[in-house]
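# Summary of the model geometry
If you want the building blocks of each chain, they are given just below.
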Amino acid sequence: MRLGAVPARIVAWQAIVGCVGATMWLLESVPASLAALAGGLGSALLSFHFAARVFSRTELAPPQVIVAAFYRAEAFKLLAAALMFGLMAKFFVDVFIPFLSTFAATLLVFFAALLWVTSDSSEQDASEL
């Protein structure tokens, strides 16, 4: 897998975990399932936004620009997640646990990503298909 494919793979797996969580919470109720889906897809969207902001910089950009983009994207991600959690806790308190549990489950994808093998060679990409 190419190094640039890792963020896309993280976002995809977070969306999958969100859908699985929503399916599991469907056993409880439809509102719980929708809250779980919001938690999973919210996490995936935050990761997508982060990756889009960071990887929009070219490799030729000065290191200061790349690091600044990284920190700005992470700050936005943290603030948006805090806003999401605050709104859920205030207005949707009855389905906060499904939201929280699925959001937390999507964060496990980052730990799984540490085990993924990355390479810049095209030969390995072709063999993974």
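Here we summarise the structure given alongside this text. If you're wondering where the values come from, they're calculated on a predicted model, not measured in any experiment. (Residues numbered from 1 in each chain as written. Predicted model: local features only at pLDDT ≥ 70, side-chain atom pairs only at ≥ 80, totals over all residues. Heavy atoms only, no water.)

### Concerning the overall build of the protein chain
Using the following cut-off: A run of H or I in DSSP counts as a helix once it spans at least four residues, and a run of E counts as a strand once it spans at least two, with each numbered from the N terminus. In this description, contact between two residues means that some pair of their heavy atoms is separated by no more than 4.5 Å.
Across its full length, the protein chain holds 5 helices and 0 strands. Reading the helices (α) and strands (β) of the protein chain from amino to carboxyl end gives α-α-α-α-α. If you take every contact in the protein chain between residues at least 6 apart in sequence, the share linking residues at least 24 apart comes to 67%.

### So, the environment of Phe70
What counts, and what does not: The rule is simple: take the accessible area with a 1.4 Å probe, protein chains only, and divide by the maximum for that residue type; under 20% is buried, over 50% is exposed, in between is partly exposed.
Take Phe70: it is sitting in helix H3 (residues 63-91). Taking relative accessible area as the criterion, Phe70 reaches 36% and is therefore assigned partly exposed. Between the alpha carbons of Phe70 and Phe50 there is a distance of 7.8 Å; along the sequence they are 20 residues apart. Contacts of Phe70, omitting those with residues within four sequence positions, involve Phe50 and Val54.

### A few points about the packing of aromatic side chains
What counts here: Stacked, edge-to-face and tilted labels apply to pairs of Phe, Tyr and Trp rings (six-membered ring for Trp) whose centres lie within 6.5 Å, assigned for plane angles under 30 degrees, over 60, and everything in between, in that order. A ring has a charge above it when a Lys NZ or an Arg CZ is no more than 6 Å from the ring centre and no more than 35 degrees off the ring normal.
Here the structure, examined in full by the defined rule, presents 7 aromatic pairs. Centre to centre, the rings of Phe85 and Phe96 are 6.1 Å apart; their planes meet at 75°, and the pair counts as edge-to-face. With a gap of 11 residues between them, Phe85 in helix H3 and Phe96 in helix H4 (residues 96-113) connect regions that are remote in the sequence. Here the basic side chain of Arg9 rests over the ring of Trp116, its NZ or CZ set 4.3 Å away from the ring centre. Between the NZ or CZ atom of Lys90 and the centre of the ring of Phe91, over which it lies, the distance is 5.8 Å.

### Points about a nonpolar patch on the surface
The condition that has to hold: Exposure above 30% relative accessible area and no salt bridge define the residues that can form patches, which grow by joining like charges within 9 Å and nonpolar side chains of Val, Leu, Ile, Met, Phe, Trp and Tyr within 5 Å. Residue exposure ignores everything except the shown protein chains as possible cover, and the areas themselves are Shrake-Rupley values with a 1.4 Å probe. Salt bridges, as used here, are contacts in which a Lys or Arg side-chain nitrogen is within 4 Å of a carboxyl oxygen on Asp or Glu.
Residues Trp13, Ile16, Val20 and Met24 make up a contiguous nonpolar surface patch of roughly 400 Å² in combined accessible area. Counting through the fold element by element, Trp13 comes out in helix H1 (residues 5-25). Using a relative accessible area of 40% as the deciding quantity, one classes Trp13 as partly exposed.

### Some details on H4
In an α-helix, one turn spans 3.6 residues; hence positions three or four apart end up facing the same way. The line we're drawing: Each helix should span, by expectation, one fewer than its residue count multiplied by 1.5 Å.
Taking 1.5 Å of rise per residue, 18 residues should cover 26 Å, and H4 covers 27 Å from first to last C-alpha, within 8% of that figure. Along H4, the positions that sit buried rather than exposed are Phe96, Pro98, Phe99, Thr102, Phe103, Thr106, Val109 and Ala113.

### What about the packing of helix H2 (residues 30-55) against H4?
Going by this rule: Angles run from 0 to 180 degrees between N-to-C directions of axes, and those axes are lines fitted to C-alpha atoms, restricted for helices to the stretch in contact. In this scheme the handedness of a crossing depends on how the near helix is turned from the far one: anticlockwise by less than a right angle means left-handed, clockwise means right-handed.
Where H2 contacts H4, the two axes come as close as 7 Å, and the packing angle between them is 35°. Note that H2 runs across H4; the crossing there is right-handed. Facing H2, whose interface residues are Ala32, Ala35, Ala36, Ala38, Gly39, Gly40, Ser43, Leu46 and Ser47, H4 presents Pro98, Phe99, Thr102, Phe103, Thr106, Leu107 and Phe110.

### With respect to the environment of Val117
Within the element layout of this structure, Val117 appears in the loop between H4 and helix H5 (122-128). On the basis of relative accessibility, which here comes to 56%, the residue Val117 falls in the exposed class. As a C-alpha pair, Val117 and Val6 span 111 residues in sequence and 9.5 Å in three-dimensional space.

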